[in-house]
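Overview (structure and organization)
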Amino acid sequence: MLEGGPLRRGYDVDENAIRFSNYFHVLRELVHMSCGWLPLAAEFETKYRLGDHVHDDARAISKLRRRLYELRHPSDYPGSPGDELAGLLDRLEAAASTGEYLETAYGEAKPVLVAAIRVHLDNLDPVSDEPSLRLLTKLAANQERHMKELAAGSRQSAEQRSERIEDLGALPIALKGEPRPLRILPPLTDPARDEFVEVTDEGDPFLRQELYVNDPELNHVPIEAEEQRHFFHGLMDAELTAAELMARNSHEHPEMPWDFHVDMARQTWDEVRHAKVHYMLMPTELGCRWGDYPVTFSYFRSIYAHDLLGRLALFNSTSEQRAMWRHSRRREALMQRGQEKVAMVFDYLLADEVPHVHNGVRWGAHLLGGDDSAYRAKVSELRESLDETGAPQSQTVEEPGLGVGGSTTSRR
Ligand SMILES: [Fe+2]
Ligand SMILES: [Fe+2]
């Protein structure tokens with residue numbers, strides 16, 4: 001039997017849409033700024049959480065956009081923030097460090113968002129507006145989880161708390177207002193690692209070129225315990241580098257279509273999750289820990305120096321594409337040796353790599369007016385500057401000691 005009882009009147013459609021527009025603006029700013037700060041978060045746990053939350057929030061925005069469209073409102077940009085909301089967004093943009101940003105994002109913006117959603121859930125009509133009920137229930141649960149996982153805000157002063165927005169959903173939206181531009185952080189010099197991780201120009205000298213070549217005659221799968229320790233440590237750092245590059249691609253290009261940001265957020269999460277796999281595997285299966293060996297930022301720098309098209313061509317369409325072959329070879333070799341748990345890791349790394357490579361083609365072609373063949377030509381052109389391991393050749397020349405036997409790049 002369906003439940004009876006009177007309908008709750010709930011919000012009218014326009015009021016409802018205005019609430020969703022306010023949530024949209026907060027989440028858009030959070031995805032944008034979290035992507036900007038992620039590379040600068042030194043602690044692995046913070047970096048991992050940010051990557052996970054950015055993905056949740058990007059997906060939430062897609063759902064909000066859909067709901068706004070259903071409520072007959074513009075979904076690409078549902079009106080401009082009113083003054084009070086703009087004040088909150090300004091505070092998110094004004095942070096001068098990762099710590100400050102986390103304080104505002106997790107100590108103010110997310111709590112204010114959750115409070116508004118709770119008001120919304122208490123007042124909406126659960127039958128006529130059931131789509132909102134479902135969406136908001138999930139959104140509130142995710143936001144509460146985020147706040148628990150990255151507990152900031154406890155240090156917010158009473159004064160800061162008092163200027164908090166009471167009901168974010170009820171704030172006015174300028175429906176015909178100009179879109180609010182997003183602040184882009186200054187270009188990165190280097191990303192950050194946990195303070196106990198040693199960063200050097202050379203990286204881990206133990207990692208040899210043969211680990212990273214795609215030639216079936218020359219490629220070496222690490223099988224000895226000692227070389228596996230170094231190899232997986234390097235792999236974890238390479239995953240962090242991948243996450244940082246994708247997060248920055250999104251942050252530095254707010255002009256790209258929304259789906260691009262969803263794809264970058266997904267890949268950022270995948271890459272920090274891959275890092276977490278290695279982080280867990282090292283002490284349990286291999287007898288080492290994150291921080292046992294030095295890492296280098298030379299590969300990060302070589303990719304980050306390019307524009308978006310160059311980064312997609314060199315990273316997604318070259319480095320990740322070539323890593324697929326090596327992952328499947330590693331998986332096979334380790335399976336044969338009976339290291340099943342370690343081998344299985346490569347099964348998932350390989351599976352996740354397929355959409356990552358696709359991100360390169362999809363958005364690279366988009367940047368070239370949708371021309372796939374122009375993108376392929378660009379990829380071939382840029383590949384000519386690489387050595388057989390995918391590292392830029394110029395580096396080999398500029399940095400002696402890089403050649404035989406000494407890898408300076410964090411690769412996969
Ligand atoms: Fe990865
Ligand atoms: Fe990847």
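Quick caveat, the model's predicted, so the values are computed rather than measured.

What the rule picks out here adds up to 11 aromatic pairs. Taken together, a centroid distance of 5.5 Å and an interplanar angle of 90 degrees make the contact between Phe-231 and Phe-232 edge-to-face. With relative accessibility at 0%, the residue Phe-231 sits in the buried group. Judged by its relative accessible area of 1%, Phe-232 falls in the buried class.

With that out of the way, let us pick up the coordination of the iron ion (ligand 1). Donor atoms from the polypeptide that coordinate the iron ion (ligand 1) comprise Glu-239 (OE), Glu-271 (OE) and His-274 (ND1), at 2.0 to 2.2 Å from the metal. Binding-site remark: the iron ion (ligand 1) is held by donors from one chain whose sequence spacing is E-x31-E-x2-H. For the pair the iron ion (ligand 1) and the iron ion (ligand 2), the metal-to-metal distance amounts to 3.5 Å, and Glu-271 bridges them. Taken together, the residues span a long stretch of sequence, with Glu-239 in helix H7 (residues 225-252) and Glu-271 in helix H8 (residues 258-286) at a distance of 32 residues.

The computed volume of the largest pocket comes to approximately 290 Å³. Lining the largest pocket are 15 residues, with Arg-28, Pro-254, Met-256, Trp-258 and His-261 sitting closest to its centre. For the lining of the largest pocket, the secondary-structure elements that each account for two or more residues are helix H1 (13-37), helix H2 (44-70) and H8. Take the lining of the largest pocket: its biggest share by element is four residues, from H1. Residues of the lining of the largest pocket, tallied by class, amount to nine nonpolar, three polar and three charged. In this structure, the second largest pocket spans a volume of roughly 250 Å³. Contributing to the lining of the second largest pocket are Leu-2, Glu-3, Gly-4, Gly-5, Pro-6, Leu-7, Arg-8, Asp-125, Pro-126 and Val-127. Across the lining of the second largest pocket, the residue classes break down as five nonpolar, two polar and three charged.

The next point concerns the environment of Arg-8. With respect to the secondary-structure elements, Arg-8 resides in the segment before H1. On the accessibility criterion, Arg-8 (40% relative accessible area) is partly exposed. For Arg-8 and Pro-126, which are 118 residues apart along the polypeptide, the C-alpha to C-alpha distance reads 7.5 Å. When neighbours within four sequence positions are excluded, Arg-8 is seen to be in contact with Leu-121, Asp-122, Asn-123, Leu-124, Asp-125 and Pro-126.

Helix length check: helix H12 (residues 372-383), at 12 residues, gives a terminal C-alpha distance of 17 Å against a target of 16 Å (1.5 Å per residue), a fit within 8%. Those residues of H12 that sit buried are Tyr-375, Val-379 and Leu-382. The buried residues of H12 occupy an angular sector of 70 degrees when projected down its axis, which confines them to one face. Elements in contact with the buried residues of H12: helix H10 (308-336) and helix H11 (340-367).

Quick look at the confidence of the model for the protein now. Within the protein, residue pLDDT values average 92, and 93% of them lie at 70 or more. Contacts for the low-pLDDT stretch residues 395-408, under 50 throughout, to residues beyond four places or in other chains number 30 contacts.

Here we come to the environment of Glu-149. With respect to the helices and strands, the residue Glu-149 is situated in helix H5 (residues 130-149). The spacing of Glu-149 and Arg-49 is 100 residues in sequence and 7.2 Å in space, taken between C-alpha atoms. Sequence-distant contacts of Glu-149, defined by excluding residues within four places in its chain, comprise Glu-45, Arg-49, Asp-52 and His-53. Side chain to side chain, Glu-149 and His-53 meet in a polar contact 2.7 Å long.

This brings us to the nonpolar core. Counting residues in hydrophobic clusters, the biggest one holds 52 residues, and the most contacted among them are Tyr-23, Tyr-101, Leu-136 and Leu-168. Where this core is concerned, the elements lending two or more residues are H1, H2, helix H3 (83-94), helix H4 (98-123), H5 and H8. At 11 residues, H1 tops the list of elements feeding residues into this core. Beyond its immediate chain neighbours, meaning those up to four positions away, Tyr-23 contacts Leu-64, Leu-113, Ala-116, Ile-117, His-120, Leu-136, Leu-168 and Gly-169.

Those protein atoms acting as donors to the iron ion (ligand 2) are Glu-271 (OE), Glu-320 (OE), Glu-353 (OE) and His-356 (ND1), and they sit at 1.9 to 2.2 Å. Every donor counted, the four donor atoms about the iron ion (ligand 2) form angles of 81 to 176 degrees at the centre, which fits irregular coordination. Taken in chain order, the donor set of the iron ion (ligand 2) reads E-x48-E-x32-E-x2-H. On the basis of relative accessible area, Glu-271 is assigned to the buried category, the value being 0%. In this structure Glu-353 comes out as buried when scored by relative accessible area, which is 1%.

This paragraph deals with H4. The terminal C-alpha atoms of H4 lie 36 Å apart, and with 26 residues this matches the ideal 38 Å at 1.5 Å per residue to within 8%. Most pronounced at Ala-105, the bend in H4 amounts to some 30 degrees. Taking burial as the measure, the 26 residues of H4 include 19 buried ones, the bulk of the element.

Rules behind the numbers
Residues numbered from 1 in each chain as written. Chains lettered and ligands numbered in written order. Predicted model: local features only at pLDDT ≥ 70, side-chain atom pairs only at ≥ 80, totals over all residues. Heavy atoms only, no water. Phe/Tyr/Trp six-rings, centres within 6.5 Å; stacked < 30°, edge-to-face > 60°. Buried < 20%, exposed > 50% of the residue type's maximum accessible area, 1.4 Å probe, protein only. Donors = N, O, S within 2.8 Å, 3.2 Å for Na, K, Ca; no water. Helix = DSSP H or I, 4+ residues; strand = E, 2+ residues; numbered from the N terminus. 1 Å grid on protein atoms, 1.4 Å probe; cavity = no way out; pocket = protein on both sides within 12 Å on 5 of 7 lines; lining within 4 Å. Points joined across faces, edges and corners; volume = space filled by probe spheres on them. Nonpolar A, V, L, I, M, F, W, Y, C, P; charged D, E, K, R; others polar. Contact = heavy atoms within 4.5 Å. Expected span 1.5 Å × (residues − 1). Arc of directions from axis to C-beta. pLDDT = per-residue confidence, 0-100. Polar contact = N/O pair within 3.5 Å; in protein donor to acceptor, adjacent residues only side chain to side chain. Core = buried A, V, L, I, M, F, W, Y, C linked by side-chain atoms within 4.5 Å. Tetrahedral: all angles 85-135°; square planar, octahedral: opposite > 155°, others 65-115°. Bend = angle between axes of the 7 residues up to and from the residue.

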